[in-house]
Every structure is written in structure tokens, then in C-alpha cells.
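# Observations on the model geometry
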Amino acid sequence: FDAQNRRWLIGARDAVLASAKSSGSHKYTHGHALILSGPPGHTGAARLAARGALRIGAGLVTVGATPEAIPEHAAQLTAIMLRPVADAGTLEVILADGRINSLCIGPALGLSDEGRSLLATVLKSGRPSVLDADALNAFAADSSLQALLAARASRVGQATVLTPHPLEAARL
């Protein structure tokens, strides 16, 4: 038990995270992660990513999902905010908030035109991003997305983490 931060510690990594937060810090000093979700029935991976972001110390975590998927997330999440993301235009409006400083896209995103539009918006945002599963599948068929990713690679501060499963890695 960490008496100063009044929380139970599970392992050594938790001790490091607990000691890194000062009493004068604010939630935004520890980052705001936006995890983009798949449609209803395909939301579990996004919830896992959101919970992971909380565990590693993000100050705020938001799951962005289609309006139809919001109830599914709401029934299973606590300590994580929800935002409806109907399309790439909505995502652009959300990303106008500069406090959102990291993104994750791909878990069960699907291979639709709308999914590719969301991915393009993420890549253009300039924020550090994790590209998972279907985000990677989208690159296999869309050279414009490949060009956006290549452009990010040359810019400082636009870190991109790719997390391919074996099938996605084969397509890349």
C-alpha cells in the first residue's frame, strides 16, 4: 500500500508510477489518451487499450466510438470517458482540443471508407499514435495512407507505434 497516494500497488511498475505523480499535478499533466473503438459487438479491444492507458498513468482516457457503440462501452467502463465519434469530421472537432495528446486507432475499426477516413485524420493530427489491427490492414490497400505514415516518420514528436498481429504483419 502506498500511503502517500492512498492506493494499493500491484507490482514494481505501479510503485514507479505512483511515485512519479506529485500532489500538485493535474490530470492533464499526465496526458489525455483517446482510444477509437470499433462498432457494437467489436468493442472489447478498445476497452482493453483504454484500461491499459489508465494503468500506465494517463491522467484522462476517453473512448471515442460510434453513437451505436456508446451504450456497450458505458455498460462496462468506469473511470473512462466516452465521446461519440460518428465520422472523421467529428474526430477533427474533438482533436481541436490540444489536451488530447495521444491516440490509439485500429481495434476492430473495420475496413470501411469511414474507417480509413478516421485513420487519415489520426495520421494528419500530428499526435503520437498507436496503430493496431485494422488500422494496419487499411495500409495494405491504400497508398495515400502509406504516404501519410511515411510523412509522419520524418517529423519530430509524431511518434507512431505499430502493433501488428501476425496476419496484419504479413499484409504490411
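Above: the structure in question.
Residues numbered from 1 in each chain as written. Predicted model: local features only at pLDDT ≥ 70, side-chain atom pairs only at ≥ 80, totals over all residues. Heavy atoms only, no water.

### Considerations on the sheet that holds strand β2 (residues 60-65)
Pairing in this open sheet of 6 strands is parallel, and the strands run β3-β2-β1-β4-β5-β6 from one edge to the other. The sheet is open, and its two edges are formed by β3 (81-84) and β6 (160-163), each paired on a single side. Neighbouring strand axes in the sheet, compared pairwise and without regard to direction, differ in orientation by 20° on average. The pairing of strand β1 (residues 32-36) with strand β4 (residues 102-105) spans 3 bridges and is classified as parallel. Of the residues in β4, the one forming a bridge with Ala33 is Ser102. Helix α2 (residues 44-55) rests against β1, β2 and β4 of the sheet, and its axis sits at about 170° to β1. The strands touched by helix α6 (residues 134-141) are β4, β5 (129-132) and β6; relative to β5, the strand with the most contacts, the crossing angle is about 75°. (Pairing = 2+ DSSP bridges. Helix = DSSP H or I, 4+ residues; strand = E, 2+ residues; numbered from the N terminus. Axes fitted to C-alpha atoms, helices over the stretch in contact; angles between N-to-C directions. Contact = heavy atoms within 4.5 Å.)

### Brief notes about unusual backbone geometry
One non-glycine residue, Ala79, lies in the positive phi region at around 65°. Along the chain, Ala79 falls in the loop between α3 (70-74) and β3. Phi is positive for Ala108, close to 60°, though the residue is something other than glycine. Checked against the element boundaries, Ala108 lands in the loop between β4 and α5 (113-125).

### Side note on the packing of α5 against α6
At a closest axis distance of 10 Å, the pairing of α5 and α6 adopts a crossing angle of 100°. Regarding the angle of α5 to α6, the classification is roughly perpendicular. In this structure, α5 uses Arg116, Leu119 and Leu123 to contact α6, whose residues at the interface are Ala135, Ala138 and Phe139. Of the residues contributing to the contact of α5 with α6, the split by class is 5 nonpolar, no polar and 1 charged. (Parallel < 35°, antiparallel > 145°, perpendicular 65-115°, else oblique. Nonpolar A, V, L, I, M, F, W, Y, C, P; charged D, E, K, R; others polar.)

### A word on the nonpolar core
Formed by 22 residues in total, the largest nonpolar core has its most connected members in Leu34, Leu91, Ile105, Leu119 and Leu131. Of the residues forming this core, the biggest block, 5 residues, is contributed by α5. Counting residues in hydrophobic clusters, the runner-up holds 14 residues, among them Ala46, Ala50, Val63 and Ala69. (Core = buried A, V, L, I, M, F, W, Y, C linked by side-chain atoms within 4.5 Å. Buried < 20%, exposed > 50% of the residue type's maximum accessible area, 1.4 Å probe, protein only.)

### Quick look at the pattern of salt bridges
Side chains bearing opposite charge may pair, as long as their charged atoms lie close to each other. Applying the stated rule across the entire model yields 3 salt bridges. Taking the shortest distance from any N to any O, the salt bridge between Asp142 and Arg116 comes out at 3.7 Å. Separated by 26 residues along the polypeptide, Asp142 in the loop between α6 and α7 (143-153) and Arg116 in helix α5 bring together distant segments of the chain. A residue is classified by how much of its surface remains accessible, and Arg116, at 23% relative accessible area, is partly exposed. Within the structure, one salt-bridge network assembled from shared partners comprises Asp113, Arg116 and Asp142. (Salt bridge = Lys/Arg side-chain N within 4 Å of Asp/Glu carboxyl O.)

### A word on the pairing of β1
Within β1, 5 of the 5 residues are buried, which leaves it mostly tucked inside the rest of the structure. Burial of β1 is two-sided: the residues His32, Leu34 and Leu36 facing one way and the residues Ala33 and Ile35 facing the other way are all buried. Relative to β2, β1 is paired through 5 bridges, and the arrangement is parallel. Counted as the bridge partner of Ile35 is Val63 from β2. In this fold, the crossover linking β1 to β2 by way of α2 has right-handed handedness. (Right-handed = clockwise from strand over helix to strand, strands pointing away.)

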